[in-house]
Amino acid sequence: MHKARAFFFVCAGLLPANVALAIDPQELAERGIGQSDKPYEQRAAIAPGALDCSNAQLLQCTGVVSGNTIGLPNNVTTYGCVGWNESGGEQERLFVLSEPRVVSVSLDTPTGCDLDVFMLSACDPAACVISNNFSFTSLILPGTYYIVVDGFNGAVCAYTLTTDCDPVTIGWCNLQWPPTLTTTAGVASDLAYGQVWIDGVTDQPGETVGLTAELGYGPVGSDPSANPAEWQWAPAVYNLDA
């Protein structure tokens, strides 16, 4: 008859999300577990290149918080949206939007401390949406995000993070060119160009995240804003900054 034995596990701290303990039967035998009461130590660790968001505190849509990356682990060194060397300790915060907002995030650090700020659509450095070395303003769609503060080339220090969320207001949009267009059914027309302005958002370089536009055509004399169903619409694609 085999005598039952108790196994003892000593874990260093709390297990973060998506981390599980595994038992290797061969290693148990090599360590004599099963034949003696020798305690077995199993330590859980974050996989290389993985963020630990298990302790991420909720970041309010509008507010100011203080943080400090000194002494925090460096779990990741690169993010999907930029090629910087982020080898300092990182601090993650949860950020949730229930409706579209123009989100501004600014990072204030002591002189000489080069921290960077990232917005992720998941707790994954590959899910990077926006990055900047001190601030960004962008149109953000509803969802759950993570704001991560990390250190360039190993930088660590105290910091202040300021967030602000404003309703989305399109200042103006227009059909830029051509002013009129004539084409034949079944024949590709010339390209048409439009512009849209959102104060504090579209004046940033590059494509605006979350902004969509469509080109429509309909009966002569009809108003697309009053009767959009009478018109045919096709999605437009980002061209350039004007």
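Quantities reported herein were computed from a predicted structural model and do not represent experimental measurements.

S.K.: Where do I start with the overall build of the chain in this structure?
M.R.: In terms of helices and strands, the chain carries one helix and 13 strands. Listed N to C, the secondary structure of the chain is α-β-β-β-β-β-β-β-β-β-β-β-β-β in terms of helices and strands. Of all 242 residues assigned to the chain, the portion counted as buried reaches 26%. The long-range share in the chain, meaning contacts at least 24 apart out of those at least 6 apart in sequence, stands at 70%. For the chain, the accessible area works out to roughly 15200 Å², and carbon and sulfur atoms hold 55% of it.

S.K.: How should I be thinking about the pattern of salt bridges in this particular structure?
M.R.: Side-chain pairing between opposite charges can occur once the charged atoms of the two side chains come close. Applying the stated rule across the entire model yields one salt bridge. Between Arg-101 and Glu-99 there is a salt bridge, with the nearest N and O atoms lying 2.8 Å from each other. Given the relative accessible area of 39%, Glu-99 is considered partly exposed.

S.K.: Just checking my understanding: could you explain the state of the cysteines for this structure?
M.R.: What is meant by a disulfide is a covalent connection between two cysteines, made through their sulfur atoms. Taken as a whole, this structure holds four disulfides when the rule is applied. Note on cysteine connectivity: Cys-61 is disulfide-linked to Cys-165, with sulfurs 1.8 Å apart. On the S-S bond that ties Cys-61 to Cys-165, the torsion sits near -110°, and the link is left-handed. Of this pair, Cys-61 sits in the loop between strand S1 (57-58) and strand S2 (63-68) while Cys-165 sits in strand S9 (residues 158-166); the two residues are 104 residues apart in sequence, bridging distant segments of the chain.

S.K.: I tried to follow the sheet that holds strand S6 (residues 128-132) on my own but got confused; where do I start?
M.R.: Picture the strands of a sheet paired through backbone hydrogen bonds; they go either parallel or antiparallel. Strand order in the open sheet made by the five strands is S1-S3-S8-S5-S6, with mixed pairing throughout. The sheet terminates laterally at S1 and S6, the two strands that pair on one side only. Sheet topology note: the strand S5 (residues 115-120)/strand S8 (residues 143-151) ladder contains six bridges and is antiparallel. Paired with Val-117 across the strands is Val-149, a residue of S8.

S.K.: Just checking my understanding: could you explain the pairing of S9 for this structure?
M.R.: Along any regular strand the residues' side chains alternate between the sheet's two faces. Where burial is concerned, the two faces of S9 differ: the one with Tyr-159, Leu-161, Thr-163 and Cys-165 is buried and the one with Ala-158, Thr-160, Thr-162, Asp-164 and Asp-166 is not. As paired elements, S2 and S9 share six bridges and run antiparallel to each other. Looking at S9, one finds that Gly-67 is bridged to Tyr-159. Here seven bridges tie strand S4 (residues 101-108) to S9, and the two strands are oriented antiparallel to one another. Looking at the pairing, Ser-104 lines up with Asp-164 of S9.

S.K.: Is there a simple way to explain the sheet that holds strand S7 (residues 135-140) in this structure?
M.R.: One open sheet holds the four strands; their spatial order is S2-S9-S4-S7, and the pairing between them is antiparallel. Both edges of this open sheet fall to S2 and S7, since each of them pairs with a single strand only. Pairwise comparison of adjacent strand axes, ignoring direction, gives a mean angle of 20° for this sheet.

S.K.: Can you help me understand the nonpolar core in this one?
M.R.: It is characteristic of soluble globular proteins that their nonpolar side chains tend to be buried jointly. Phe-95, Leu-115, Met-119, Ile-147 and Leu-161 are the most contacted members of the largest nonpolar core, which totals 21 residues. Once you skip the residues sitting within four places of it in the chain, Leu-161 turns out to touch Leu-59, Gly-63, Val-64, Val-65, Arg-93, Val-105, Ser-106, Leu-107, Val-117, Ile-147 and Val-149. Cys-53, Ala-56, Tyr-79 and Tyr-146 belong to the second largest nonpolar core, which has eleven residues in total.

S.K.: Just checking my understanding: could you explain the confidence of the model for the chain for this structure?
M.R.: Close inspection of predicted coordinates is inappropriate in any region flagged by low pLDDT. Across the chain, the average pLDDT comes to 80, with 80% of residues at or above 70. Scored below 50 in pLDDT, residues 1-29 makes 34 contacts in the model with residues more than four places away or belonging to other chains. Taken as a whole, residues 31-48 scores under 50 in pLDDT and shows 35 contacts with residues more than four places along the chain or in a different chain.

S.K.: How should I be thinking about the environment of Ala-213 in this particular structure?
M.R.: With respect to the helices and strands, Ala-213 occurs in the loop between strand S11 (193-197) and strand S12 (214-217). The exposure class of Ala-213 is partly exposed, given its relative accessible area of 42%. Apart from the residues lying within four places of it in its own chain, the contact partners of Ala-213 are Ala-234, Pro-235 and Ala-236.

S.K.: In this structure, what is going on with the packing of aromatic side chains? I would like to understand it.
M.R.: How two aromatic rings sit relative to each other is given by the distance of their centres and the angle of their planes. Tallying each qualifying case throughout the model produces three aromatic pairs. Grouping aromatic residues by their ring pairs yields a cluster made of Tyr-79, Trp-84 and Phe-118.

What counts and how
- Residues numbered from 1 in each chain as written.
- Predicted model: local features only at pLDDT ≥ 70, side-chain atom pairs only at ≥ 80, totals over all residues.
- Heavy atoms only, no water.
- Helix = DSSP H or I, 4+ residues; strand = E, 2+ residues; numbered from the N terminus.
- Buried < 20%, exposed > 50% of the residue type's maximum accessible area, 1.4 Å probe, protein only.
- Contact = heavy atoms within 4.5 Å.
- Areas by Shrake-Rupley, 256 points an atom, 1.4 Å probe, with all protein chains shown as cover.
- Salt bridge = Lys/Arg side-chain N within 4 Å of Asp/Glu carboxyl O.
- Disulfide = S-S within 2.5 Å.
- Pairing = 2+ DSSP bridges.
- Axes fitted to C-alpha atoms, helices over the stretch in contact; angles between N-to-C directions.
- Core = buried A, V, L, I, M, F, W, Y, C linked by side-chain atoms within 4.5 Å.
- pLDDT = per-residue confidence, 0-100.
- Phe/Tyr/Trp six-rings, centres within 6.5 Å; stacked < 30°, edge-to-face > 60°.

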